[in-house]
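Here is how the chains run, residue by residue.
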Amino acid sequence: MINKLPNAFSIPENIRTDFSKNKSMLVKRSIMSLFGQVKIHKGNSPILLVIPSTDINLLALGITLQNVSNCHLVIVKNMTPKTETKIQRYIAQYNIRGLIGVEEKETNGYEYMYNDHFHPLINYITEKYIDTTVPNTITTEEDYCLKENKPSVKFFINKNDAASFLPVLLSLLKVLPTQIEHNQEPWTAASVSDTFKVSMITPFNRLELTGETKDKWGLNEHDYVFVLNPVSGSFRKCVVYETKKKLAADEVVLSTGVKKDLFGTSAAAEPLLIQKAARFPVHHIQTQSASDVQLNRVIVSKNLMDKLKRTESPYIELMNPHTGASFDFHISQLAHQPGLTDDKTIKLNYIQRQYLDYEQPPDFIPPTVLKDLCQNLNLTETEQLLLNGTYGEGNVLERISYQESLQLKKVLKKAGYYHTFMYPVNHYYKEFKKLSLKKRITNKLLTVFIGNKQLSLKVIRPYTSDETSNIIRLTKSTMTLLGIEEADTVILSYRNKTAKAQVLEMDDLELIKETNIMSSSSMMNISVAVPSTIRTHLGLNNIGKVILVERDMTFLLKKNWNIQFVPIIAVMFTVLSVSIFTTWTRILLLLFFVPLSMYVTLSRVRYSISNKKQNQ
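Given the structure is predicted, the values throughout are model-derived calculations rather than measurements. (Residues numbered from 1 in each chain as written. Predicted model: local features only at pLDDT ≥ 70, side-chain atom pairs only at ≥ 80, totals over all residues. Heavy atoms only, no water.)

**Focus: the packing of helix α20 (residues 561–577) against helix α21 (residues 583–601)**
Next up, step 1: It is the contact of α20 with α21, at a shortest axis distance of 9 Å, that shows an interaxial angle of 155°. It follows from the interaxial angle that α20 and α21 lie roughly antiparallel. Relative to α21, α20 is oriented so that their crossing is right-handed. In contact with I563, Q564, P567, I568, V571, M572, V575 and L576 of α20, α21 contributes R586, L589, L590, F593, V594, S597, M598 and T601.
Next up, step 2: Among the residues forming the contact of α20 with α21, the class breakdown is twelve nonpolar, three polar and one charged. (Axes fitted to C-alpha atoms, helices over the stretch in contact; angles between N-to-C directions. Helix = DSSP H or I, 4+ residues; strand = E, 2+ residues; numbered from the N terminus. Parallel < 35°, antiparallel > 145°, perpendicular 65-115°, else oblique. Left-handed = near helix turned anticlockwise from the far one by under 90°. Contact = heavy atoms within 4.5 Å. Nonpolar A, V, L, I, M, F, W, Y, C, P; charged D, E, K, R; others polar.)

So this is what it looks like as structure tokens:
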């Protein structure tokens, strides 16, 4: 897994100076002394750069690129079957997701696999940087860097042009992660409006366009798209929203944060390229059997499970395309069920359906989404009137009876509301690193003495008075499940970010309704109210996402020092006051009875979460 956004690195202004310094360093040394047959520079980006050459210019190019982007770099003196095997093992060991090869040739060019779709970007980038397109060829044969199941490209560069290709390759090192899912969707050119601003601040990765442009590009509201500045290589994953603003053809409006990431402080002069994110649609949602519910799995067909695993994505995001609600799950939670052969069917448990606004009729449906639902030809005029009467003109669902809820769900099903998208999630999660021995022992002891407990909860806005604070709100029942009390500390986790916050009780539905759309208090029990400051820190672009809430074991240990103090002192006094024991015997007895005393006195804290299942 990857521990940061691969396009997070910035390109220094003196990049050519760095190239010259690295070249001078190589000239001063003997190339043969630098490495044996293979020299490896490890990185933490998922991209591998392979240079099968001993030319000083290409070596300086590779070292400079590795220093800036922190990609993996492999330098090979002579490419042989043995070295190719070694590179293949390295790719598997470090979960390499994209590859770039650089070979020395008289004529510049590049080669790519027949099924790669990003080569138009290379032409665009090279034309911007070196004022010409580079000849290219298509191949069906894999080699040390061209892989059918990974985005990959092999460059042929004249050694005298190495410095000219620096910005091209740096931009590609940023672009390549957008293709990690091996996305086959086309790239579309778009301009950015300077006249209009986005209608709402949230989500922070908002992209607005007209209904005509949305239909032309084959997009729907809440779709994910990659937005790329092809010159700098910077990109953002954005969420699509329809707007009634009078935009030009192929013109979009971007939120302030997205503009800053793509263009920095300069004006958005360059055209953007937009690509629909890779996804797997599912049109039928079914309930799980009682035996599967406790396992917290997502059940799909065997064929669909194999397709998702071939993306090599550590996580999958399951999204309701009508409301934008979503949650992530690990690829290991995928399971298939004998007899389930339909690739468009998924089985979810109750809480998963609640996260996605599928278990109960949604509290709110955006007007543009409602319009599309009502146009479904399967609906009768009466059913269309029911949907419009319930959600039309921006109405919020009022509290309704169980029978009315069943009727509304039936109509929503006919309208096509109950389908979902599965998005591979590659570049947001931390790389798993083995903890130090001290940290592993500490965590193990805390788990034994205190006990760990985690819950997955849906993010909502807090009370108005909490927005500037460092507190979150949970219901009393949720705090009981976590084994915590008011003012205790919890750890919040979302993808590659964590934060600590104090907890207060959330008990007033009316105060929640001031900042959220929520028709009943039942949703409060699976929700966590998080202020905007903490949401920003966690990288949450919007509410409606699911995060992990975990009780802080270190805090609970410190909080309960008072109940441990007297028993520990009593044990020490008893052992030390008995004169028949030797010094070593006393030390051994203390090492045994002091932890035992702590374990017993902390039993109340530990058994407050006695349920052995630790994840909701």
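Now that the structure is up, let's keep going.
**Considerations on the state of the cysteines**
Next up, step 1: For the coordinates displayed, the defined rule picks out zero disulfides.
Next up, step 2: For the unlinked cysteine C145, the closest cysteine sulfur is that of C71, found at 13 Å. (Disulfide = S-S within 2.5 Å.)

**Digging into the nonpolar core**
Next up, step 1: Counting 50 residues, the largest nonpolar core has L61, I100, V102, F155 and L169 as its most contacted members.
Next up, step 2: L304, L356, L370 and A415 belong to the second largest nonpolar core, which has 46 residues in total. (Core = buried A, V, L, I, M, F, W, Y, C linked by side-chain atoms within 4.5 Å. Buried < 20%, exposed > 50% of the residue type's maximum accessible area, 1.4 Å probe, protein only.)

**A closer look at helix α3 (residues 56–69)**
Since the α-helix turns once every 3.6 residues, residues separated by three or four places project in the same direction.
Next up, step 1: Here α3 is 14 residues long and its end C-alpha atoms lie 20 Å apart, about the 20 Å a rise of 1.5 Å per residue gives.
Next up, step 2: Within α3, twelve of the 14 residues are buried, leaving the element largely enclosed by the surrounding structure.
Next up, step 3: Within α3, burial applies to N57, L58, L59, A60, L61, G62, I63, T64, L65, Q66, V68 and S69.
Next up, step 4: The N-terminus of α3 is capped by D55, whose side-chain oxygen sits 3.0 Å from the backbone nitrogen of N57.
Next up, step 5: Downstream of α3 by a residue or two, N70 has a phi angle that is positive, lying close to 60°. (Expected span 1.5 Å × (residues − 1). Polar contact = N/O pair within 3.5 Å; in protein donor to acceptor, adjacent residues only side chain to side chain.)

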